Amino acid sequence: MRIELEKRPKVSVLFSIFSPFIALALTLIAGAIMFFLLGKDPGYALYSFFIEPLTEVWSLHELAIKAGPLILIAVGLSVCYRSNNWNIGAEGQFIMGAIAGSILPVVFYEWQSPLVLPLMLLLGMLGGALFAGIPAFLKAHLNTNEILTSLMLVYVAQLFLDWLVRGPWRNPGGLNFPETRTFAADAILPEMVASGRAHWGFAFAIIAAVLIWLMMRFTLKGFEITVLGQSERAGRFAGFSSRKMIWFSMLLSGALAGLAGISEVSGAIQQLRPVISPGYGFTAIIVAFLGRLNPLGIVASGLVLALTYLGGEAAQLSLGVSDKVTRVFQGLLLFFVLSCDTLIHYKIRMVWADLTDTVKDGGAN
Amino acid sequence: MGIVEAILLTVITAATPLVIAALGELVTERSGVLNLGVEGMMIIGAVCAFVATQQTGSPYIGIIAGTVSGALFSLLFGFLTLTLVANQVATGLALTILGLGVSGMIGEPYSGQSGAKLPQIVFPFLSDIPYLGPLLFKQDLIFYLSIVLIFAVNWFLFKTRTGLMLRSVGDSHSSAHALGINVIRTRYLAVLFGGACAGLAGAQFSLVYTPQWTENMSAGRGWIALALVVFASWRPWRVVIGGYLFGAVSISQLHAQAFGIGIPSQFLSALPYLATVAVLIVISHNRRTTLINTPASLGKSFVPDR
């Protein structure tokens, strides 16, 4: 048996809408099989993984807290990926944003003012953007592969944070725990509604998604991003500069990842610790693809991936399975998304052994 | 044994997995496929090798388990990128994410157990050569395999007809197809080889480097192996040189920590990653030489015309 692809004369609208849903369905089926193999009741397992977290108010708040950074980062990454710039170091930009934004509440903790919070957010964006500026500079001017450099810098950022909270920024009154002093009231991102913990980071994410969607849809910049991403040559003829696009997309996605970082620290954790992210920067890559690199699609897919984090925690409690299941689900989901996207451009045909092909293959070798 | 020899021994231990994984990826990339999932295949190899060793008591079965599991895992990448022509960069990332998750799940019951270390194979007489003997002839099987692999890959790519065909597929898949070479099959085999090598490199982590299982124990070394291929401009011998240089950097960082030099340990731990970035800059700043060396079809999907 062989699988053959046949190019569709036109991009399939049907599949470009439904492919993420098919991928989700396939992930659920694969998940059910996995739970069955682990000796759990698949129906109950999927229920406690994907439905239970949605039944209570506090867990809906947790969902917003986790979806916020995922959406913010993924929206930025979508611009990068659409313009063919492979920033996979958002995790590092998230951390550097959190660090830069925390300068005020940790180092200048005596300064209390309503200005503290807005300045922190700005610094966070600046920190993330500058850190993304390193691979951008290296790619735009020294022709260095951005995939590898942006990823290597993630490890550097993690180690830098580790050094800060164990060394110079450690809370002097904190019994030697590796953490900074807790932020003062002025430095804390407030809750959105009174019913729970969800902070304004989620609102930032929605605003960013809408703005980027408008940019992609209605502005020349959006067109430039798409053209340069599909064909650099065509973009050059149109007078677009791919070098400027590297800078633009990387700085934008870095700033958004930095904003996500400082929002997470200021809204949810309220101090710096050696580890401040459960891999948001990497999960956001999946979010971006599941949302088909469309900012509004990303809002939906961000909520789905946030649910896998909550589901992992819930499944650990109610089923006793490892929370590593979350990562497996996320990886499977990305696999299915990528394979379903093939359906948009190609028809897939199963070819059962047929004589002419065998002859052709035989001739080829 | 003198201190110099002791240090060189640790350099070799650190370099061996990098060399193996990078050689495998080199063959994959020479066929025109960019598999960014090395880290994922490595960690799957590491966990399967460790679990198999714990179950059977034989680290040699562990080596086989690691290699085979890495190859099987790479098949997933092959199916998506070669049969379904999915984006290679994104699929490679997916492979890494899935590998880290699956390995965490498989390995969880085994974490904290101390495993059996792969025994040394001592060559009589040769190992008595002063200095060189203990370094080269008193090693474990994976080290010897890495040496064989260096010569084999070099010979295969540049001295055999099949190697030539593989390189032609990587340089121009449409011309190769027109010549009657089965592009997809060649690439599948190259991807499988890369996966097997990454799995073997992973087995080295959990059987030799630190004989135990800890989550994320590959710690980005799959990515460093990828960088090594670029560093080596897709040439096997330069992979070896690069691998040993990187081994030396990561070991010097450990020794500097042990000697208590007044630099925070985090900065020393960041050295291999920073060195990777620095090396990439030096290698790729000349656009023209990079273009000449890179397999021309690298990362491009191929759909045969029918």
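Predicted model, so just to flag it, every value in this text is computed and none were measured.

1. Remarks on the overall build of chain B
Logical step 1: Within chain B, the regular secondary structure consists of 13 helices and 2 strands.
Logical step 2: Rg of the C-alpha trace for chain B: 19 Å, near the compact-globule value of 19 Å for 306 residues, within the 12% margin.
Logical step 3: Projected onto its principal axes, the C-alpha positions of chain B cover 60 × 45 × 45 Å.
Logical step 4: The long-range fraction of contacts in chain B, counting pairs at least 24 apart against all pairs at least 6 apart in sequence, stands at 76%.
Logical step 5: If you average the places of the 15 positive and of the 10 negative side-chain charges in chain B, the two averages end up 14 Å apart.

2. A look at the interface of chain B and chain A
Logical step 1: In this assembly, 51 residues from chain B lie in contact with 47 residues from chain A.
Logical step 2: Carbon and sulfur atoms make up 76% of the surface buried where chain B meets chain A, a total of about 4300 Å² over both sides.
Logical step 3: For chain B, the biggest contributors to the area lost against chain A are I97, M105 and Q266 of chain B; these three give 15% of the whole.
Logical step 4: Along the contact surface separating chain B from chain A lie 0 salt bridges.
Logical step 5: Counting the contacts that link chain B with chain A gives 3 residue pairs in polar contact (both at pLDDT 80 or more).
Logical step 6: Where the side of chain B that touches chain A is concerned, the elements lending two or more residues are α3 (59-83), α4 (88-107), α10 (221-231), α12 (265-284) and α13 (287-293) of chain B.
Logical step 7: Partitioned by chemical class, the residues of the side of chain B that touches chain A number 31 nonpolar, 14 polar and 6 charged.

3. Points about the packing of aromatic side chains
All names here are of chain A.
Logical step 1: Following the criterion strictly, the structure yields 20 aromatic pairs over all chains and no others.
Logical step 2: Taken together, a centroid distance of 4.9 Å and an interplanar angle of 50° make the contact between F49 and F50 tilted.
Logical step 3: Given the relative accessible area of 0%, F49 is considered buried.
Logical step 4: Taking 5.8 Å as the distance between ring centres and 75° as the angle between the ring planes, the aromatic pair formed by Y280 and Y309 counts as edge-to-face. Highlighted residues: Y280 in helix α12 (residues 280-290) and Y309 in helix α13 (residues 295-319), separated in sequence by 29 residues. An identical accessibility class is assigned to Y280 and Y309; each is buried.
Logical step 5: Grouped by ring-pair contacts, the aromatic residues F35, F49, F50 and F329 constitute a single cluster.
Logical step 6: Sitting over the ring of Y109, R181 keeps its end group 3.5 Å from the ring centre.

4. Observations regarding the pattern of salt bridges
Residues and elements named next belong to chain A.
Logical step 1: Across all of its chains, the model carries 7 salt bridges over all chains by this definition.
Logical step 2: In this structure, K221 engages E224 in a salt bridge whose closest nitrogen and oxygen atoms are separated by 3.7 Å. Of the two residues, K221 and E224 both sit in helix α9 (residues 220-230), 3 residues apart, roughly one turn of that helix.
Logical step 3: Relative accessible area serves as the criterion here: at 28%, K221 is assigned to the partly exposed category.

5. A closer look at the side chain of S233 of chain B
Logical step 1: When you line up the elements, S233 of chain B lands in the loop between α10 and α11 (236-258).
Logical step 2: Every residue in contact with S233 of chain B, bar those within four places of it in the chain, is listed here: R238 and N293 of chain B.

6. Focus: the nonpolar core
Logical step 1: By size, the foremost hydrophobic cluster in this structure holds 192 residues, and its most contacted members are F35, I71, I73, Y81, I276 and F289 of chain A together with W223 of chain B.
Logical step 2: Per-element accounting of this core gives the leading share, 14 residues, to helix α3 (residues 57-82) of chain A.
Logical step 3: If near-sequence neighbours (up to four positions away) are discounted, F289 of chain A is found in contact with Y81, W86, L334, V337 and L338 of chain A together with A90 of chain B.
Logical step 4: Listed in part, the 5 residues of the second largest apolar core include L9, I12, L135 and F143 of chain B.

7. With respect to the confidence of the model for chain A
Logical step 1: Scored by pLDDT, chain A has a mean of 86; 96% of the residues are at 70 or more.
Logical step 2: When mean pLDDT is taken per element in chain A, helix α4 (residues 90-101) of chain A scores highest with 95 and helix α15 (residues 355-364) of chain A scores lowest with 48.

8. Here's the deal with α9 of chain A
Three- or four-residue spacings in an α-helix give side chains the same orientation, since the helix completes a turn every 3.6 residues.
Logical step 1: Buried within α9 of chain A we find G222, E224, I225, V227, L228 and G229 of chain A.
Logical step 2: Summarising the contacts, the buried residues of α9 of chain A are in contact with α3, α8 (201-218), α10 (232-237) and α11 (242-269) of chain A.

9. Some details on the environment of T308 of chain A
Logical step 1: As for its position among the elements, T308 of chain A is in helix α13.
Logical step 2: As a C-alpha pair, T308 of chain A and T326 of chain A span 18 residues in sequence and 5.7 Å in three-dimensional space.

10. Quick notes on the side chain of H173 of chain B
Logical step 1: With respect to the helices, strands and loops of the structure, H173 of chain B is situated in helix α8 (residues 173-178).
Logical step 2: If near-sequence neighbours (up to four positions away) are discounted, H173 of chain B is found in contact with S168, V183, R187, S297, K300, S301 and F302 of chain B.

11. A few points about the packing of α4 of chain A against helix α6 (residues 116-142) of chain A
All names here are of chain A.
Logical step 1: The contact between α4 and α6 brings their axes to 7 Å, and the two run at 140°. One way to sum up the angle between α4 and α6 is to call them oblique. In the crossing of α4 with α6, the sense of the turn from one axis to the other is right-handed. Note on element contacts: α6 touches α4 through M120, L123, G124, G127, G128, F131 and A132, opposite G92, Q93, M96, G97, A100 and G101.
Logical step 2: The class makeup of the residues in the contact of α4 with α6 is 6 nonpolar, 7 polar and no charged.

12. Remarks on a nonpolar patch on the surface
Residue and element names in this part refer to chain A.
Logical step 1: Together, I103, V107, F108, W111, L115, L119 and L122 make up a nonpolar patch on the protein surface, roughly 630 Å² of accessible area in all.
Logical step 2: Tracing the backbone shows F108 in the loop between α5 (103-107) and α6.
Logical step 3: Classification of F108 as partly exposed rests on a relative accessible area of 48%.

13. Observations regarding the confidence of the model for chain B
Logical step 1: Looking at chain B as a whole, the pLDDT averages 86, with 98% of positions reaching at least 70.
Logical step 2: With pTM at 0.87, the complex prediction returns an ipTM value of 0.84.

14. As for unusual backbone geometry
Logical step 1: Residues other than glycine seldom take positive phi values, yet N143 of chain A does so here, at roughly 65°.
Logical step 2: With respect to the element layout, N143 of chain A can be found in the loop between α6 and α7 (146-166).
Logical step 3: When its relative accessible area of 21% is taken as the criterion, N143 of chain A is described as partly exposed.
Logical step 4: Of note, W234 of chain B is a non-glycine position whose phi angle comes to about 60°, a positive value.
Logical step 5: Here W234 of chain B lies in the loop between α10 and α11.

Parameters and conventions
- Residues numbered from 1 in each chain as written.
- Chains lettered and ligands numbered in written order.
- Predicted model: local features only at pLDDT ≥ 70, side-chain atom pairs only at ≥ 80, totals over all residues.
- Heavy atoms only, no water.
- Helix = DSSP H or I, 4+ residues; strand = E, 2+ residues; numbered from the N terminus.
- Rg over C-alpha atoms; globule rule 2.2 N^0.38 Å.
- Contact = heavy atoms within 4.5 Å.
- Lys, Arg positive; Asp, Glu negative; His and termini not counted.
- Charge placed at Lys NZ, Arg CZ, Asp CG, Glu CD.
- Buried area = accessible area lost by both parts, 1.4 Å probe.
- Salt bridge = Lys/Arg side-chain N within 4 Å of Asp/Glu carboxyl O.
- Polar contact = N/O pair within 3.5 Å; in protein donor to acceptor, adjacent residues only side chain to side chain.
- Nonpolar A, V, L, I, M, F, W, Y, C, P; charged D, E, K, R; others polar.
- Phe/Tyr/Trp six-rings, centres within 6.5 Å; stacked < 30°, edge-to-face > 60°.
- Buried < 20%, exposed > 50% of the residue type's maximum accessible area, 1.4 Å probe, protein only.
- Lys NZ or Arg CZ within 6 Å of the ring centre and 35° of its normal.
- Core = buried A, V, L, I, M, F, W, Y, C linked by side-chain atoms within 4.5 Å.
- pLDDT = per-residue confidence, 0-100.
- Axes fitted to C-alpha atoms, helices over the stretch in contact; angles between N-to-C directions.
- Parallel < 35°, antiparallel > 145°, perpendicular 65-115°, else oblique.
- Left-handed = near helix turned anticlockwise from the far one by under 90°.
- Patch = residues over 30% accessible without salt bridge, like charges linked within 9 Å, V, L, I, M, F, W, Y side chains within 5 Å.
- Areas by Shrake-Rupley, 256 points an atom, 1.4 Å probe, with all protein chains shown as cover.

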